[in-house]
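Residue-level structural notes
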Amino acid sequence: MIVEENKVLAPYTTLGIGGPARWFVTAESEEDITEATGWARAKGVPLFVLGGGSNLLVADAGFDGLVLHIDLKGIQVQEEVAGSQDRVYKVAAGEDWDQFVQRTVEDECAGLECLAGIPGTVGGTPVQNVGAYGQEVSSVIGRVRAFDLRECISVELSEAECAFAYRRSRFNTTDRGRFVVTRVDYALKLQGAPTLRYGDLQKAFAAEVMPGLRDVAAAVRRIRQSKGMFLVEGDPDCHSAGSFFKNPIVNAEQVAAVAAVAAEDPPRFPAGPGNEGSVKLAAAWLIEKAGFTKGYALGRAGISSKHTLALVNRGGATAVEIMALAAKIRNEVALRFGIHLHMEPVILGFENS
């Protein structure tokens with residue numbers, strides 16, 4: 001195990017922002033994780049687990065602890081499970097997510113095609129219960145293997161034990177900081193039909209055409225790129241953490257109140273399991289109606305020219321500037337609509353983070 005000191009974290013994040021980690025270790029095996037976490041425990045220093053850095057804002061002062069960069073690789077395929085059409089992919093946490101999705105659609109396995117183009121690594125997907133365009137990873141995750149920092153052992157958790165909800169799991173709520181994900185098992189449907197629930201995706205194909213999984217994944221990437229949510233080198237909008245705010249889940253009374261203030265019916269979506277009687281409002285719509293347009297700038301921080309939900313580093317922005325813009329947006333939305341937006345990225349190195 002090699003322990004580096006004062007390693008700048010900005011290059012490890014898609015925002016390109018962040019000061020140094022006091023200590024930094026790259027883990028290429030479960031043994032590395034065991035050794036590194038034991039080292040941090042013995043030293044009595046805080047630990048942060050870093051994956052692809054696509055959903056992360058690091059403070060300008062950095063992080064006064066050990067950053068453990070997960071770089072485990074490998075994909076094992078278990079052919080059709082007896083009595084089902086499932087094919088199970090056992091994927092190491094450090095594998096690139098979009099490359100893995102592309103492999104599954106080329107293998108004609110359905111279940112992840114709408115999640116193409118999302119930056120980051122496999123290990124982060126169960127933590128956030130990553131979802132987009134009508135799919136969530138929780139619907140196909142069979143098991144998550146992780147190192148339990150409290151018990152100092154490796155465990156395997158079923159889908160039910162992960163306690164998935166909208167953008168949530170036990171890994172980022174009740175047991176935040178307890179587990180280091182090392183592998184995720186996905187049960188996908190061989191020769192399954194693609195998911196075409198969202199309007200943007202349906203418009204990409206003629207009504208009489210049933211697209212293939214590769215076609216859907218490609219369409220999703222095009223849509224994401226048009227909204228500044230697909231990281232393309234050289235694109236000024238690519239220095240972001242993706243959606244900076246979650247779509248708020250609200251009740252019918254709140255929807256009516258928002259409609260009254262805006263003098264129009266707000267766009268909304270199903271809230272998902274466990275949220276009967278509620279809907280999700282489009283956070284991007286709320287932000288725009290609160291007076292913020294695509295391309296809005298506050299110093300070196302700004303809003304993407306393609307999508308209002310993405311805050312971007314316009315060049316040399318600091319974490320303080322990004323947080324100031326986020327606070328301004330949240331305050332205006334709350335003042336106008338009484339809706340409190342919650343930030344989606346992980347915040348590291350700030351007080352109370």
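The present account deals with the structure reproduced in this document. (Residues numbered from 1 in each chain as written. Predicted model: local features only at pLDDT ≥ 70, side-chain atom pairs only at ≥ 80, totals over all residues. Heavy atoms only, no water.)

Once that is clear, we can look at the side chain of glutamate 95. Within the secondary structure, glutamate 95 is located in the loop between strand E7 (86–92) and helix H2 (97–106). Buried within the structure, glutamate 95 lacks any salt-bridge partner; its nearest side chain of opposite charge belongs to lysine 73, at an N-O separation of 5.2 Å. Among the polar contacts made by the side chain of glutamate 95, one reaches the main-chain amide nitrogen of glycine 74 at a distance of 2.6 Å. Excluding anything up to four places from it in sequence, glutamate 95 contacts Leu72, Lys73, Gly74, Ile75, Gly120, Thr121 and Val122. (Helix = DSSP H or I, 4+ residues; strand = E, 2+ residues; numbered from the N terminus. Buried < 20%, exposed > 50% of the residue type's maximum accessible area, 1.4 Å probe, protein only. Lys, Arg positive; Asp, Glu negative; His and termini not counted. Salt bridge = Lys/Arg side-chain N within 4 Å of Asp/Glu carboxyl O. Polar contact = N/O pair within 3.5 Å; in protein donor to acceptor, adjacent residues only side chain to side chain. Contact = heavy atoms within 4.5 Å.)

Spatial strand order, E1-E2-E5-E3: four strands in an open sheet with mixed pairing. If you trace the sheet from one side to the other, it starts and ends with strand E1 (4–8) and strand E3 (47–50), each paired once. Neighbour-to-neighbour, the strand axes of the sheet open up by a mean angle of 45 degrees, direction not taken into account. Bridging between E1 and strand E2 (residues 20–27) involves four bridges; their strand directions are antiparallel. By the bridge assignment for E2, glutamate 4 is matched with phenylalanine 24. Packing of helix H1 (residues 30–43) onto the sheet brings it into contact with E2, E3 and strand E5 (63–70), and relative to E5 it is tilted by some 170 degrees. (Pairing = 2+ DSSP bridges. Axes fitted to C-alpha atoms, helices over the stretch in contact; angles between N-to-C directions.)

Turning our eyes to something else, we now look at the pattern of salt bridges. Scanning the model with the defined rule gives 20 salt bridges in all. Its salt-bridge partner being glutamate 30, residue arginine 145 comes within 2.7 Å of it at the nearest N-O pair. Taken together, the residues span a long stretch of sequence, with arginine 145 in strand E11 (residues 141–148) and glutamate 30 in helix H1 at a distance of 115 residues. Notably, a salt bridge pairs glutamate 344 with arginine 167, separated by 3.6 Å at the nearest N-O pair.

To continue, consider the nonpolar core. If you look at the biggest cluster of nonpolar residues, it comprises 57 residues, and the most contacted ones within it are Ile33, Ile70, Trp97, Phe100, Leu112, Tyr186 and Leu201. Among the elements that take part in this core, strand E13 (residues 179–190) stands out by supplying seven residues, more than any other. In this structure leucine 201 touches Cys114, Tyr133, Thr195, Leu196, Val216, Ala219, Val220 and Ile223, once residues within four positions along its chain are discounted. If you look at the next biggest cluster of nonpolar residues, it comprises 36 residues, including Val250, Ala301, Ala310 and Ile322. (Core = buried A, V, L, I, M, F, W, Y, C linked by side-chain atoms within 4.5 Å.)

The residue leucine 213 is located in helix H5 (residues 213–226) in this model. Given a relative accessible area of 2%, leucine 213 falls into the buried group. Taking the C-alpha atoms as reference, leucine 213 lies 8.9 Å from threonine 104; in sequence the two are 109 residues apart. Residues contacting leucine 213, with those up to four places away along its chain left out, are Val105, Glu108, Cys109, Ala110, Glu113, Gly192, Ala193 and Pro194.

With five of seven residues buried, E7 lies mostly within the body of the structure. Note: strand E6 (residues 75–78) against E7, four bridges, orientation antiparallel. Looking at the pairing, glutamine 78 lines up with valine 88 of E7. Note that E7 and E13 share seven bridges and pair antiparallel. Note on E13: the bridge partner recorded for alanine 92 is arginine 183.

The subject of this paragraph is the packing of H2 against H5. Running from amino to carboxyl end, H2 crosses H5 at an angle of 150 degrees, the nearest separation of the two axes being 8 Å. Here H2 is positioned roughly antiparallel relative to H5, judged by the angle of their axes. The crossing of H2 and H5 is left-handed. Residues Asp98, Gln102, Val105 and Glu106 of H2 form the contact with H5, whose own contacting residues are Leu213, Arg214, Ala217 and Arg221. (Parallel < 35°, antiparallel > 145°, perpendicular 65-115°, else oblique. Left-handed = near helix turned anticlockwise from the far one by under 90°.)

A positive phi angle, close to 60 degrees, is found at glutamate 108, a residue other than glycine. Its place among the elements puts glutamate 108 in the loop between H2 and strand E8 (109–110). One non-glycine residue, glutamine 191, adopts positive backbone phi at about 65 degrees. Note on placement: glutamine 191 falls in the loop between E13 and helix H4 (199–203). Glutamine 191 gets classed as exposed once you look at its relative accessible area, which sits at 59%.

Looking now at H1. The terminal C-alpha atoms of H1 lie 20 Å apart, and with 14 residues this matches the ideal 20 Å at 1.5 Å per residue to within 8%. The elements touched by buried residues of H1 are E2, E3, E5, E11 and E13. (Expected span 1.5 Å × (residues − 1).)

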